[in-house]
Amino acid sequence: AQKITQTQPGMFVQEKEAVTLDCTYDTSDPSYGLFWYKQPSSGEMIFLIYQGSYDQQNATEGRYSLNFQKARKSANLVISASQLGDSAMYFCAIGLNDYKLSFGAGTTVTVRA
Amino acid sequence: DGGITQSPKYLFRKEGQNVTLSCEQNLNHDAMYWYRQDPGQGLRLIYYSQIVNDFQKGDIAEGYSVSREKKESFPLTVTSAQKNPTAFYLCASSFLGSSGRIDEQFFGPGTRLTVL
């Protein structure tokens, strides 16, 4: 079974600075997708960024970028120029060809003014 | 507007009662999913369905039941057999790899269930 590990339960970042959220995964399947979601205090899960296992380049979506190191099985999320609205819980997830997602325990990010 | 709706937002239940959580999507997604989230934790898969009239158990299906009679709807029943049902329940939907990749899941706003 695949597994996602997020080792940082909580992080503080100063407004306008960058923050990196760690995510490591474990799967024996060569074909998979990695996802990052944001969950604000309202509870809704918001999709941020996707990285396919065969993608040659790291994914980027606006201020979000993914540092994908396939050999190390890591997919760290980088949020640049942090804003107060970025304060939320962030989840890493892995999906295989069965279309199910397995989620990590999440990292809480608090942006300070 | 396209999206996923869940109702109710808050639900209170007495012990021993069954309750049904609603989930509807108008995104024309093939697959639908139910997750449970406990405070400070990640999401755990309860049930999922990839086609009408078919569904599969996830990691924590005991004490729950679902139906998929229409493509747009995937209600979840929390039965009295579920020992600790107080949690936040999230419904999601997705395409099935139509774009040549594993498609992202889109989530509803969630239902917060409390057993009194």
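Residues numbered from 1 in each chain as written. Chains lettered and ligands numbered in written order. Predicted model: local features only at pLDDT ≥ 70, side-chain atom pairs only at ≥ 80, totals over all residues. Heavy atoms only, no water.

Caption draft 1: How the structure looks around unusual backbone geometry. Between B:Ser7 and the following residue, B:Pro8, the backbone shows a cis peptide bond with an omega angle of -5°. Relative to the helices and strands, B:Pro8 resides in the loop between β1 (4-7) and β2 (10-13). In this model, A:Lys16 sits at a positive phi of 80°, which is unusual for a non-glycine residue. Examined against the element boundaries, A:Lys16 turns out to sit in the loop between β2 (10-14) and β3 (19-21). Not every positive phi belongs to a glycine, and B:Asn28 is a case in point at roughly 60°. By the secondary structure assignment, B:Asn28 is in the loop between β3 (19-25) and β4 (31-37). (Helix = DSSP H or I, 4+ residues; strand = E, 2+ residues; numbered from the N terminus.)

Caption draft 2: The interface of chain A and chain B, seen in detail. With 23 residues of chain A at the interface, the matching set in chain B holds 22 residues. A combined buried area of about 1,800 Å² lies between chain A and chain B, and 62% of that area is made up of carbon and sulfur atoms. Counting across the interface, chain A meets chain B through zero salt bridges. For the interface between chain A and chain B, the tally reads five residue pairs in polar contact (both at pLDDT 80 or more). If you list the elements that add at least two residues to the side of chain A that touches chain B, you get β5 (33-39), β6 (46-52), β10 (88-95) and β11 (101-103) of chain A. With four residues, the single largest contributor to the side of chain A that touches chain B is β5(A). (Contact = heavy atoms within 4.5 Å. Buried area = accessible area lost by both parts, 1.4 Å probe. Salt bridge = Lys/Arg side-chain N within 4 Å of Asp/Glu carboxyl O. Polar contact = N/O pair within 3.5 Å; in protein donor to acceptor, adjacent residues only side chain to side chain.)

Everything listed here is a matter of geometry and, on its own, says nothing about what the molecule does.
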